[in-house]
Amino acid sequence: MTVRTARLARLGRDHGELLWAPFLYAAVVAVLYRQVWSGDVGFGWDTIETYWADLAYLSDQLFHGEWPLWNPYGRGGYPFHADPQAGLYYPVNWLFAVAGGVMGGVGWWTIQIKMLAHHVLAGLMMHAYIRSRGLPRTAAVVASVAWVCSAPMMVHKASGVLWPMVWIPLIWLCCDRMVARPSWRRGCALAFALYLAGSAGSPPGLFYTLIAAALYGGYRVIARLLHVARGPSDRRWPEARKLALALAVATVVTLALMAIIVVPGLILKDHSVRSHLGPRWALSVPLAVKGGLIGLVQPFAGDSQVYCGITVAMLVLCAVVMRPLRDGGAAIFFFLAAAFFLLLAFGDSTPLLPWLVEHGPGFRLFRIANRYKLPFAAIYSAAAGFGAAALIDQGHRLGKKRLAAVAVAMVILGLVAIIVWRADIAGPKTLPGAQSIIVAVIAAALVIGAVLRRPRASAILVAAMALVIAWEVPHFRSPRGPIMERHPPDDEAEILAGLDGISDRWRVYDEFVLEQRAGPRLGIRELRGYPSGDPLDLATYKHVRDTVRKHPDLLAELNVRYLLHGRHHRNGVRKNTIKGMPPAAAFRRIDGRRYEVRDPAPLIAWYGGAVIEKRWQDQLATMASFPGADHIRRKAVIDPATAATLGSERLAILGRSSPPPSVAGTLASYGADGVALDIDAPGPGLVVLNEVMYPGWRVTVDGDQRPPLSANYLLRAVWVGPGHHHITWTFAPQHYRWWLALWLAALVLCAAALLPLRRRAKSAAVAPADSDEIAEHAQRVDAG
């Protein structure tokens, strides 16, 4: 053997897993969601209705050298930096945003590949974790395939709630390393893993991830402290102190990384529709207890959305009965943690989640109780990996634990048969019922064969289990589902052709003629007339949308010049909230889907008069009555808070009975985070910019700072005197520079901590996490 051949052989032996594992899970995901590759159908739902637009806007801004804090194109404008769903601080998003910019824009395929990539990441992270525990490669493959192909993953395949959760195994891995050898560097590694989950873009997904991380972290810390307590007394305090220091570093660095996401997000929550939700929100749409339990082993008689496979169920119980105390009791922990999340998914059918909603921080913020099945699937799959390792690493003697594994296989096989028989599956479901029994027979045969055979043969049989898992769950629970949708329409450019000035002077009001969030994707100023379900929509925006249904004339006061009103672009059904045809007095028909507002308010307008209204309903109703019979706008609408800021002298000017007509201004520049304009004011009054008001907007008049005001319910305004004025609006959220500096410093610290760790990785791609696991791993290697 030549030196070069020897080096290649050693490289393949030491690092080959880093090469074949990504290809393996990419192949599994590609086959599982092969329908995407047809080109016409792909991940729908929020993927194209929300995530696509966010990524497209981020890509466009980054490609032009801007760090976007505000998005002026969608929903009348909203704080892009404060919406966690946008993923502004997510490193994976940066990769796809830059790639999209290089390719000329984030298209349909970019967001599809991003969704697929997160499924691949889930498999890779689970593989890395199982291998880090010193378990065999085959066990890692079983756990990873079980998670990627689980029904919870397929049900939520098009939801960003998965993105934070794909990092759960990495958090576990970093937690193991930090607990085994505490140091500030490993504390930073754990903090960065948590940051990846926290920046991924889904607050519910992050919440589930934090619960899974906290449970695992508590289990590992307690196990480590018990291990130290059994050691020499003179090492107990130093070990405990090092662990406490590492935990403190992890906590502080995580907070530094997450502050820039959490603080603006909490401010946005207080201005959103979510600020008024009650505890029933968190208990909605639970799993049925009976259906959920049966669905673990029989998808047709029970609830198929929790189905992870009959084979996986056998492996989980094998882990518990064959090696309950090995690996630091990991099998018992994962079994109990999976049961905990399954109980949460049952909602108010058990007392656990209602109690946590009332007393636990964060539990009342997130809807749909059955989503707790997602962390359940991750933990359940990890337990299956330990069960696969138990079958591979068993001894040669036919002891009680091996007999217990045989009993587990037979019991689940019998349970499946009884459920199918008792469910009386008839007619077209006869074949699926019989198929599930056949799968149970195959799984039981593989488990029993692995128990009774030699270790090498057991590994082959366990590998066969991975193939069965990859087939059985997608077979019984289709990965396509109702949220695989057709490609968005190709005629958006045709619809928008001839609509002048919609990028910086006028708005479009879309009633689902275009794909959702066309504004950020196409760079047009738009409002949408359909409820989108965005969890952090501004309450003011929702009020406007609800009012327009009854008062379409309100659109004119919101700078809307064009109304898109017709059949739903994808399914052909009318989804319009403005019922019937738009009123001819206010709208001129262009064609079957496009209407022009006859008298839209300009982007910039000076008003010499104002009406004070307290209730938001009255403010919008008054706006809808503008202009009056003479078709001349003379007044703005202000609330009592703005009136108090103006003072009595200015209110007296605005309160005159016959104010002069409004005067339009001119636009100097229009950008994401700033607008400059000019106005020739005939007298003192309010200059209203037809853009959404939100905390963080600052305004200067002729270079002098002025207090920003709110007018016309949700728009920006500033007081000016007579004469020509140059006004600049700039979005600069309070304390944002401090949060940004803290975030950058924490990123630099994490980079400095992680770089030396790479140099320490010598031969193995993965390594056990504890000294006792190192000994176990060595024994396995010595045993061949």
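Residues numbered from 1 in each chain as written. Predicted model: local features only at pLDDT ≥ 70, side-chain atom pairs only at ≥ 80, totals over all residues. Heavy atoms only, no water.

(A) Looking closely at the pattern of salt bridges. Overall, the coordinates contain 24 salt bridges when judged by the stated rule. The closest approach of N and O atoms between Arg 323 and Asp 393, which form a salt bridge, is 3.7 Å. One end of the pair, Arg 323, is in the loop between α13 (310-322) and α14 (330-345); the other, Asp 393, is in the loop between α16 (373-392) and α17 (400-423), and 70 residues separate them in sequence. Note that Glu 596 and Arg 561 form a salt bridge whose closest N and O atoms lie 3.1 Å from each other. In this pair, Glu 596 is assigned in strand β7 (residues 594-597) and Arg 561 in strand β5 (residues 560-564), connecting sequence segments 35 residues apart. Taking the relative accessible area as the measure of exposure, Glu 596 reaches 14% and is therefore buried. Using a relative accessible area of 22% as the deciding quantity, one classes Arg 561 as partly exposed. Where salt bridges share partners, they join Arg 507, Arg 525, Glu 691 and Arg 716 into one cluster. (Salt bridge = Lys/Arg side-chain N within 4 Å of Asp/Glu carboxyl O. Helix = DSSP H or I, 4+ residues; strand = E, 2+ residues; numbered from the N terminus. Buried < 20%, exposed > 50% of the residue type's maximum accessible area, 1.4 Å probe, protein only.)

(B) Summary view of the sheet that holds strand β15 (residues 697-701). Taken in spatial order, the 5 strands line up as β12-β13-β19-β15-β16 in an open sheet, and their pairing is antiparallel. A single partner strand is all that each edge strand has here, and the edge strands are β12 (666-670) and β16 (704-706). Taken over all neighbouring pairs, the strand axes of this sheet differ in orientation by 25° on average, direction set aside. When β15 meets β16, the two strands line up antiparallel, connected through 3 bridges. Across the sheet, Thr 700 pairs through a bridge with Gln 705, a residue of β16. (Pairing = 2+ DSSP bridges. Axes fitted to C-alpha atoms, helices over the stretch in contact; angles between N-to-C directions.)

(C) Seen up close, unusual backbone geometry. The phi angle at Arg 75 is positive, at roughly 55°, despite the residue not being glycine. Mapping Arg 75 onto the fold places it in the loop between α2 (46-63) and α3 (91-102). Taking relative accessible area as the criterion, Arg 75 reaches 5% and is therefore assigned buried. Despite not being glycine, Phe 512 has its phi angle at roughly 70°, a positive value. Within the secondary structure, Phe 512 sits in the loop between β3 (507-510) and α21 (518-522). Accessibility expressed as a relative area gives 9% for Phe 512, which makes it buried.

(D) Examining α13 more closely. Taking 1.5 Å per residue as the helical rise, α13 with its 13 residues ought to reach 18 Å, and the 18 Å between its terminal C-alpha atoms agrees with that figure. By the criterion of burial, α13 is predominantly enclosed, with 10 of the 13 residues buried. Ile 310, Thr 311, Val 312, Ala 313, Met 314, Leu 315, Val 316, Cys 318, Ala 319 and Met 322 are the residues of α13 that are buried. (Expected span 1.5 Å × (residues − 1).)

(E) How the structure looks around the sheet that holds strand β8 (residues 604-607). Read across the sheet, 5 strands follow the order β11-β8-β14-β18-β17 without closing on themselves; strand pairing throughout is antiparallel. Taken across any chain shown, the strands that pair with only one partner, and hence form the sheet edges, are β11 (663-664) and β17 (709-711). Examined bridge by bridge, β8 and strand β14 (residues 685-692) share 4 bridges and lie antiparallel to one another. Across the sheet, the residue bridging to Tyr 607 is Leu 686, located in β14.

(F) Layout of the state of the cysteines. All chains considered together, the criterion is met by 0 disulfides. Residue Cys 188 stays outside any disulfide, its sulfur separated by 5.0 Å from that of Cys 750, the closest cysteine. Its relative accessible area of 0% is what places Cys 188 among the buried residues. (Disulfide = S-S within 2.5 Å.)

(G) View of the side chain of Asn 690. In this fold, Asn 690 is placed in strand β14. For Asn 690, the side chain forms a polar contact with the main-chain oxygen of Glu 557, separated by 3.1 Å. Not counting residues up to four positions away in its chain, the partners in contact with Asn 690 are Arg 507, Arg 525, Glu 557, Leu 558, Asn 559, Ala 601, Pro 602, Leu 603 and Leu 715. (Polar contact = N/O pair within 3.5 Å; in protein donor to acceptor, adjacent residues only side chain to side chain. Contact = heavy atoms within 4.5 Å.)

(H) Summary view of a nonpolar patch on the surface. Where nonpolar side chains cluster on the molecular surface, the patch consists of Phe 63, Val 98, Val 102 and Met 103 and spans about 460 Å² of accessible area. Its place among the elements puts Val 98 in helix α3. (Patch = residues over 30% accessible without salt bridge, like charges linked within 9 Å, V, L, I, M, F, W, Y side chains within 5 Å. Areas by Shrake-Rupley, 256 points an atom, 1.4 Å probe, with all protein chains shown as cover.)

(I) Seen up close, α3. Counted at 1.5 Å a residue, the expected span for α3 with its 12 residues is 16 Å, and the 17 Å between its end C-alpha atoms agrees. Considered for burial, the residues of α3 that qualify are Pro 91, Val 92, Asn 93, Phe 96, Ala 97, Gly 100 and Gly 101. Packing partners of the buried residues in α3 comprise α2, α4 (108-132) and α9 (184-198). Following α3 by one or two positions, Gly 104 adopts a phi angle in the positive range, close to 95°.

(J) Inspection of the nonpolar core at higher detail. By size, the foremost hydrophobic cluster in this structure holds 241 residues, and its most contacted members are Trp 167, Phe 334, Tyr 372 and Ile 727. Residues within four places of Tyr 372 in sequence aside, it is in contact with Phe 207, Tyr 208, Ile 211, Phe 341, Leu 344, Ala 345, Leu 353 and Phe 363. Leu 496, Ile 502, Val 513 and Leu 514 belong to the second-largest nonpolar core, a separate cluster that totals 11 residues. (Core = buried A, V, L, I, M, F, W, Y, C linked by side-chain atoms within 4.5 Å.)

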